[in-house]
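Here is how the chains run, residue by residue.
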Amino acid sequence: MRYLFHRAFLRVLKNRRKYIPMCLQIIVGVCLISISLSLTFNSFQQLTEFSRYLEIPFAAVTTDWGEDTSGITEEDGQYLRETYSEDHIVIYKQYLSAELFYVIFANSDFFREIMGMKDTLPVDTAVAGKHALEVLKNWEPTDQKLAEVYDKQNGIFFGYRVEEILSLETLDYRAQGLLSAAGYTMESWEVPSFEDAVILPLEDGKEFLCQTIVALPFKSSTGIELQSPLNEIETYLTSMHPNNSYVIRNYGGEIQETLEKNKLISNTLAAAAGFVLVIVFFGLLGLLLVLLNKRQREYAIALMCGANHVQLMIEGYVEIFFLVMVSTLLGSFLSIPFLPFFSSMGVPAYYSIWTLLSCALGSIFSSIIVCLVSFYRIAHVSPVKVLKDL
């Protein structure tokens, strides 16, 4: 067996000039397919993760960052709730900072429509995620605004004793994170989990300067039917507060569009890689047939000297397998430097062991398919007939 491997390796070296163009094509094709697989695996992981966050997608009209509470008054909220009662409008405020938690000011509508909570909480209840509570217990504030409402000595935050804040662990809710607090990094969308949130009654945020959001949960898969009421809400707020600016954001739709875009890019690369690999497949098959024709006499002599057809088949397969596997590994690893380019375009892409395993298994399968023809030709080599034709 060792001798067969040695002979196969020598054959590759001997025919390297014929094999090099084919190897380069394999490398290019595998590089493309590796990028495609990386994007596919990452997109699948992203889709799995975000399916939890998109449990209750919504669109919204928001005040710009830094706008104070005069952006949307209590009178505005009452008018909007009465006018758009069928759309289940939700008004809340969020404050994001460099701290390890974020603060939401909301009422029962937020718990029911945005979080999908089944429990009914008292109006003046403060709740927080497990991680947020752990941070608050030993918190050294760095955010000046939050430091002003925190009494470290008595453990009081916004007038609530930290140990008395209700944990979200004891409640049943569907959505896992807040879409309006989502941000995009070089890797993927990041949706702050409710485990990192402190949720206080909406009235407690009257004098606290932070972003105000008028949200409408989706009624369909895209939320397209919300565009008209969102435009009307924006027009109303702008007319009531001409000095303030408002933005319409389809939070659920933005993430869904990103997932669809990533899927499209992945499929496009897969199609290009498949086209290249089909060309390589037939090119390698043609080259193999030419070499087999040239080796008829060699195989006949080997059979007369005691070799059998199985040994010749193994030798032929090892030659092709070595060629394809080395090219596959080079092509797969060559894809790694290109992945950051897709990350900069907003597509999560990083190399994983699953990409390598998929390429390796694919190369084994491809080499077997290519060699089936050679197995058939070798199995029908007859020393008497070959030598007779010389």
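Above this note sits the structure.
Throughout what follows, the structure given in this document is the object of discussion.

What counts and how
Residues numbered from 1 in each chain as written. Predicted model: local features only at pLDDT ≥ 70, side-chain atom pairs only at ≥ 80, totals over all residues. Heavy atoms only, no water. Helix = DSSP H or I, 4+ residues; strand = E, 2+ residues; numbered from the N terminus. Buried < 20%, exposed > 50% of the residue type's maximum accessible area, 1.4 Å probe, protein only. Areas by Shrake-Rupley, 256 points an atom, 1.4 Å probe, with all protein chains shown as cover. Pairing = 2+ DSSP bridges. Contact = heavy atoms within 4.5 Å. Axes fitted to C-alpha atoms, helices over the stretch in contact; angles between N-to-C directions. Core = buried A, V, L, I, M, F, W, Y, C linked by side-chain atoms within 4.5 Å. Salt bridge = Lys/Arg side-chain N within 4 Å of Asp/Glu carboxyl O. Parallel < 35°, antiparallel > 145°, perpendicular 65-115°, else oblique. Left-handed = near helix turned anticlockwise from the far one by under 90°. Nonpolar A, V, L, I, M, F, W, Y, C, P; charged D, E, K, R; others polar. Polar contact = N/O pair within 3.5 Å; in protein donor to acceptor, adjacent residues only side chain to side chain. Phe/Tyr/Trp six-rings, centres within 6.5 Å; stacked < 30°, edge-to-face > 60°.

1. As for the overall build of the protein chain
Here is step 1: Within the protein chain, the regular secondary structure consists of 13 helices and 13 strands.
Here is step 2: Taken across its 390 residues, the protein chain has 48% of its residues classed as buried.
Here is step 3: Working note: accessible area of the protein chain is about 20,000 Å², and carbon and sulfur atoms make up 62% of it.

2. A closer look at the sheet that holds strand E12 (residues 211-217)
Here is step 1: Strand order in the open sheet formed by 8 strands is E8-E4-E11-E3-E2-E12-E1-E13, with mixed pairing between adjacent strands. Two strands bound the open sheet, and with one partner strand each, they are strand E8 (166-167) and strand E13 (246-249).
Here is step 2: Of the pairings in the sheet, the one linking strand E1 (residues 58-63) to E12 comprises 5 bridges and is antiparallel in character. Bridge pairing in E12 links Ala59 to Leu216.
Here is step 3: Most of the contacts of helix H8 (residues 251-294) go to E1, to which it runs at about 120°, and overall it touches E1 and E13.

3. A closer look at the nonpolar core
Here is step 1: In terms of nonpolar packing, the biggest core is built from 34 residues, with Tyr92, Ile104, Phe110, Met115, Leu178, Phe194 and Ile199 touching the most fellow members.
Here is step 2: Residue contacts for Leu178: discarding those within four places in its chain leaves Phe58, Tyr92, Gln94, Tyr102, Ile104, Phe110, Ile114, Val191, Pro192 and Phe194.
Here is step 3: In terms of nonpolar packing, the next biggest core, distinct from the first, is built from 26 residues, Tyr19, Val280, Ile320 and Val370 among them.

4. A short note on the pattern of salt bridges
Here is step 1: Applying the stated criterion across every chain, the model contains 7 salt bridges.
Here is step 2: A salt bridge links Asp172 to Lys118; the nearest nitrogen and oxygen atoms lie 3.7 Å apart. Taken together, the residues span a long stretch of sequence, with Asp172 in the loop between E8 and strand E9 (183-184) and Lys118 in the loop between helix H4 (108-114) and strand E4 (127-128) at a distance of 54 residues.
Here is step 3: Judged by its relative accessible area of 66%, Lys118 is exposed.
Here is step 4: Of the charged contacts in the structure, one is a salt bridge between Lys152 and Glu140, with a shortest N-O distance of 1.9 Å. Note that Lys152 is positioned in the loop between strand E5 (150-151) and strand E6 (156-157) and Glu140 in the loop between helix H5 (130-137) and helix H6 (144-147), a separation of 12 residues in sequence.
Here is step 5: Through salt bridges with shared partners, a single ionic network connects Arg81, Asp109, Arg112 and Glu113.

5. Thoughts on the packing of H8 against helix H12 (residues 353-379)
Here is step 1: Axis separation between H8 and H12 bottoms out at 9 Å; the angle between their running directions is 20°. The orientation of H8 relative to H12 falls into the category roughly parallel. Every pair of crossing elements has a handedness; the one defined by H8 and H12 is right-handed. Residue-level contacts link Phe281, Leu284, Leu285, Leu288, Leu289, Leu292 and Asn293 of H8 to Ile369, Val370, Cys371, Val373, Ser374, Arg377 and Ile378 of H12.
Here is step 2: Residue classes in the contact of H8 with H12 are distributed as 11 nonpolar, 2 polar and 1 charged.

6. Comments concerning the packing of helix H3 (residues 74-83) against helix H7 (residues 227-240)
Here is step 1: For the pair H3 and H7, interaxial distance at closest approach is 12 Å and the crossing angle is 155°. Taken together, the axis directions place H3 and H7 in an arrangement best described as roughly antiparallel. The two elements H3 and H7 meet at a crossing, and its hand is right-handed. Every residue of H7 that contacts H3 at Asp76, Tyr79 and Leu80 is listed here: Ile233, Tyr236, Leu237 and Met240.
Here is step 2: In terms of residue class, the contact of H3 with H7 is built from 6 nonpolar, no polar and 1 charged.

7. Describing the pairing of strand E3 (residues 102-106)
Regular strands place side chains that alternate from one sheet face to the opposite one.
Here is step 1: Burial analysis of E3 places 5 of its 5 residues in the buried class, the great majority of the element.
Here is step 2: The alternating pattern of E3 places Tyr102, Ile104 and Ala106 on one face and Val103 and Phe105 on the opposite face, and all of these are buried.
Here is step 3: Pairing of strand E2 (residues 90-95) with E3, which is carried by 3 bridges, proceeds in the antiparallel orientation. Bridging across to E3, Tyr95 finds its partner in Val103.
Here is step 4: Count of turn residues in the E2/E3 antiparallel hairpin: 6 residues.
Here is step 5: In this structure, E3 lies alongside strand E11 (residues 197-201), joined through 5 bridges in parallel fashion. Among the inter-strand pairings, Val103 is bridged to a residue of E11, identified as Val198.

8. Considering the side chain of Ser38
Here is step 1: Locating Ser38 in the fold gives a position in helix H2 (residues 16-53).
Here is step 2: Here Thr355 takes part through its side chain, which lies 3.4 Å from a polar atom of the side chain of Ser38.
Here is step 3: Each residue touching Ser38, except ones within four places of it in the same chain, is listed here: Leu339, Tyr350, Tyr351 and Thr355.

9. Regarding the packing of aromatic side chains
Here is step 1: Summed over all chains, the structure comprises 17 aromatic pairs.
Here is step 2: Relative to Trp139, the ring of Phe101 has its centre 5.1 Å away and its plane inclined at 75°; by these criteria the two rings are edge-to-face. Here the residue Phe101 occupies a position in the loop between E2 and E3, and Trp139 occupies one in the loop between H5 and H6, the gap between them amounting to 38 residues.
Here is step 3: Taking the relative accessible area as the measure of exposure, Phe101 reaches 3% and is therefore buried.

10. A short note on the sheet that holds strand E7 (residues 160-161)
Here is step 1: The 3 strands are arranged E5-E6-E7 in an open sheet whose pairing can be described as antiparallel. If you trace the sheet from one side to the other, it starts and ends with E5 and E7, each paired once.
Here is step 2: Sheet topology places E5 next to E6; 2 bridges connect them, and they run antiparallel. Each residue of the ladder has a partner; that of Asp151, found in E6, is Ile156.

11. With respect to the environment of Ser239
Here is step 1: Assignment of secondary structure puts Ser239 in helix H7.
Here is step 2: Overall, the relative accessible area of 51% leaves Ser239 in the exposed class.
Here is step 3: Engagement of the side chain of Ser239 in a polar contact is seen with the backbone oxygen of Tyr236, the distance being 2.6 Å.

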